[in-house]
Each structure stands twice: as C-alpha cells, then as structure tokens.
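Analysis of the macromolecular model
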Amino acid sequence: GATHATLSLNWQPDALIIEVSDDGRGFDPANIVPAGHFGLTMLREMAADLGGGMVVESHPGRGTRLCFNLTFKPLPTTSGIEPAGIRVQT
C-alpha cells in the first residue's frame, strides 16, 4: 500500500549502509513471520552471510524502514579514488 519508497546507499571505508523505507501501512515487528512468509528472515540471513545485519523499524499505519549494515575490510586507496555516498530517491 505504499505510495513512496526511498533507497539510500551510504558507502564508507569499511561498510555499506543500505536503507529502504516506505510510507506504507507498516506492521508490528514483533509479529513479522506469519506462517509461510520468510522474506524478512531471508533478508536478515543474507545480510549476516555478507558480514552484516539488518534492522527492521515499522509501526502500523506509519510505514517501514529496513537498514542493512554490511561490513568489510577497507578498500585499498592506491587508485586515488575513494567511494562516495550515493542517495537515490524514487
């Protein structure tokens, strides 16, 4: 039921932080795994496989926000090019 969604990528020397939020109907995060639905569980496991984690923030009637924090070893800076923050809104 969302009409707007935002994707934010924040590239840091040792992490990539990805935030996805919407203005949808939201839900109670304490009850996020109804029978037969495993999407958020799978996203959390995939984030863990990449060396990070996922936080879910949602409230009924107030939208949802997913935040992924993926950590890694710093990239070599010998090229003189360093990653910069990117923000895309749709």
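Look up a bit, the structure's there.
Since this is a predicted model, take the numbers as computed values, not measurements. (Residues numbered from 1 in each chain as written. Predicted model: local features only at pLDDT ≥ 70, side-chain atom pairs only at ≥ 80, totals over all residues. Heavy atoms only, no water.)

**Some words on the pairing of strand 2 (residues 15–22)**
Remark: a regular strand shows side chains that alternate across the two faces of the sheet. Sheet analysis places strand 1 (residues 5–12) next to strand 2, joined by eight bridges and oriented antiparallel. Bridging from a neighbouring strand, alanine 5 pairs with aspartate 22 of strand 2. Between strand 1 and strand 2, which pair antiparallel one after the other, the connecting turn spans two residues. Pairing of strand 2 with strand 4 (residues 64–71), which is carried by eight bridges, proceeds in the antiparallel orientation. Considered in strand 4, the bridge of alanine 15 is made with threonine 71. (Pairing = 2+ DSSP bridges. Helix = DSSP H or I, 4+ residues; strand = E, 2+ residues; numbered from the N terminus.)

**Focus: the pattern of salt bridges**
Applying the stated criterion across every chain yields a total of two salt bridges. The shortest N-O distance in the salt bridge between arginine 65 and glutamate 19 comes to 3.2 Å. Highlighted residues: arginine 65 in strand 4 and glutamate 19 in strand 2, separated in sequence by 46 residues. Arginine 65 sits in the partly exposed class, given a relative accessible area of 24%. Judged by relative accessible area, glutamate 19 falls into the partly exposed class, the value being 27%. Several salt bridges converge on common partners, so that one network encompasses Glu19, Glu57 and Arg65. (Salt bridge = Lys/Arg side-chain N within 4 Å of Asp/Glu carboxyl O. Buried < 20%, exposed > 50% of the residue type's maximum accessible area, 1.4 Å probe, protein only.)

**Quick look at the nonpolar core**
Leu16, Ile18, Leu40, Ala47, Met54, Val56, Leu66, Phe68 and Leu70 together form the largest nonpolar core, which totals nine residues. Elements with a minimum of two residues in this core: strand 2, helix 1 (39–49), strand 3 (52–58) and strand 4. The element that contributes the greatest number of residues to this core is strand 4, accounting for three residues. (Core = buried A, V, L, I, M, F, W, Y, C linked by side-chain atoms within 4.5 Å.)

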